[in-house]
Every structure is written in structure tokens, then in C-alpha cells.
Amino acid sequence: MPSAKELFGQINDGLKDEGIKKQALKKGNAIFSFDFKGAGKYYIDLKQTGVAGEGAAPQGKKADITLTMDEKTFLDLAEGKGNAQKLFMQGKIKIKGNMMRATALGDILKMAQTEKAKL
């Protein structure tokens with residue numbers, strides 16, 4: 001199982017494909033921030049640049065949606081081993097911001113990772 005840092009690198013690589021980036025920007029239309037409870041913060045800018053990186057948000061910007069969870073929960077979700085809605089109801093995922101936008105994130109992550117797997 002990769003670390004969150006490795007996974008965000010894969011997502012960033014997947015978003016370099018212009019077709020995927022265009023779809024992700026249209027579907028996401030937000031800056032997503034991930035807080036892994038002391039294990040780091042990462043973001044995916046699906047509002048303008050289509051880039052993923054370390055930190056709460058790109059420099060000079062702020063997140064529209066912040067998801068807080070432990071790193072293992074995120075990695076399980078990314079590998080399809082967890083149900084985000086169930087984990088949210090159990091309090092293992094906390095969402096600050098537009099919850100409906102957050103629901104689009106699963107599809108976006110799959111798109112970006114699938115493209116990386118092809119490389």
C-alpha cells in the first residue's frame with residue numbers, strides 16, 4: 001500500500017493528462033484539502049490548476065472543502081476498500097465545506113489513478 005504522499009504524487013501525475021484534467025476541473029470545481037491528523041496535509045486544486053501537492057492549499061489560496069481523517073482511512077478509500085458515506089456516518093471522516101462537492105471526489109480520484117496505472 002502506498003503512502004498518502006505517494007498517492008498524491010500519482011494523482012498529480014494522472015492530472016497531467018489534459019483530458020482527465022479537464023474532466024476533473026469540471027466535476028470538482030473546488031480546492032480539496034486533506035488533513036491526515038498529524039500525518040500531513042495535502043490538496044487537490046480542481047478549481048483552476050488541476051494540481052495535487054503537499055500543504056493545506058496552493059500558495060495564496062484556501063481550500064473550499066477540507067476532509068479530515070487518518071491516513072489509513074484515506075488509503076483504504078483510494079483502494080476501494082472503504083465506503084466513504086459509511087465512514088462519514090461513523091465519524092471517521094469529517095467534512096468542512098460543500099458536502100455535495102465532496103461526493104464527486106471519489107470519481108475524480110479514480111480517473112486520476114486509472115490514468116497513472118496506464119503509464
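Residues numbered from 1 in each chain as written. Predicted model: local features only at pLDDT ≥ 70, side-chain atom pairs only at ≥ 80, totals over all residues. Heavy atoms only, no water.

**Structural notes on the nonpolar core**
Counting residues in hydrophobic clusters, the biggest one holds 27 residues, and the most contacted among them are F8, F34, I44 and F74. For this core, the leading source of residues is helix 1 (residues 4-14), giving four residues. F8 has contacts with F34, F36, Y42, Y43, I44, A52 and F74, leaving out every residue within four places of it along the chain. (Core = buried A, V, L, I, M, F, W, Y, C linked by side-chain atoms within 4.5 Å. Buried < 20%, exposed > 50% of the residue type's maximum accessible area, 1.4 Å probe, protein only. Helix = DSSP H or I, 4+ residues; strand = E, 2+ residues; numbered from the N terminus. Contact = heavy atoms within 4.5 Å.)

**Focus on the pairing of strand 2 (residues 41-45)**
Counting buried positions over the five residues of strand 2 gives four, a clear majority of the element. Where strand 1 (residues 31-35) meets strand 2, five bridges bridge the pair, whose relative direction is antiparallel. Considered in strand 2, the bridge of F32 is made with I44. Taken together, strand 1 and the strand that follows it, strand 2, pair antiparallel across an intervening segment of five residues, in which K37 is found at a positive phi of about 45 degrees. Pairing geometry for strand 2 and strand 3 (residues 51-54), over four bridges, is antiparallel. Paired with D45 across the two strands is V51, which belongs to strand 3. Connecting strand 2 to the antiparallel partner strand 3 that follows it, the hairpin turn spans five residues, and G50 within it adopts a positive phi of roughly 65 degrees. (Pairing = 2+ DSSP bridges.)

**A short note on the environment of S3**
Topologically, S3 is positioned in the segment before helix 1. Considering only alpha carbons, one finds S3 and E71, 68 residues apart in sequence, at a separation of 8.0 Å.

**Focus: the sheet that holds strand 4 (residues 65-68)**
With mixed pairing, five strands are arranged side by side in an open sheet as 3-2-1-4-5. Two strands close off the open sheet at either side, each with one partner strand: strand 3 and strand 5 (94-97). Between one strand and the next, the sheet's axes are offset by a mean angle of 15 degrees, whatever the strand orientation. (Axes fitted to C-alpha atoms, helices over the stretch in contact; angles between N-to-C directions.)

**A word on the pattern of salt bridges**
The full count for this structure, using the stated rule, is seven salt bridges. The shortest N-O distance in the salt bridge between K5 and E54 comes to 3.4 Å. Here K5, found in helix 1, pairs with E54, found in strand 3; they are 49 residues apart in sequence, far enough to count as distant. Of the two residues, K5 and E54, neither departs from the other in class, the shared state being exposed. (Salt bridge = Lys/Arg side-chain N within 4 Å of Asp/Glu carboxyl O.)

Nothing here speaks to function; it is geometry throughout.
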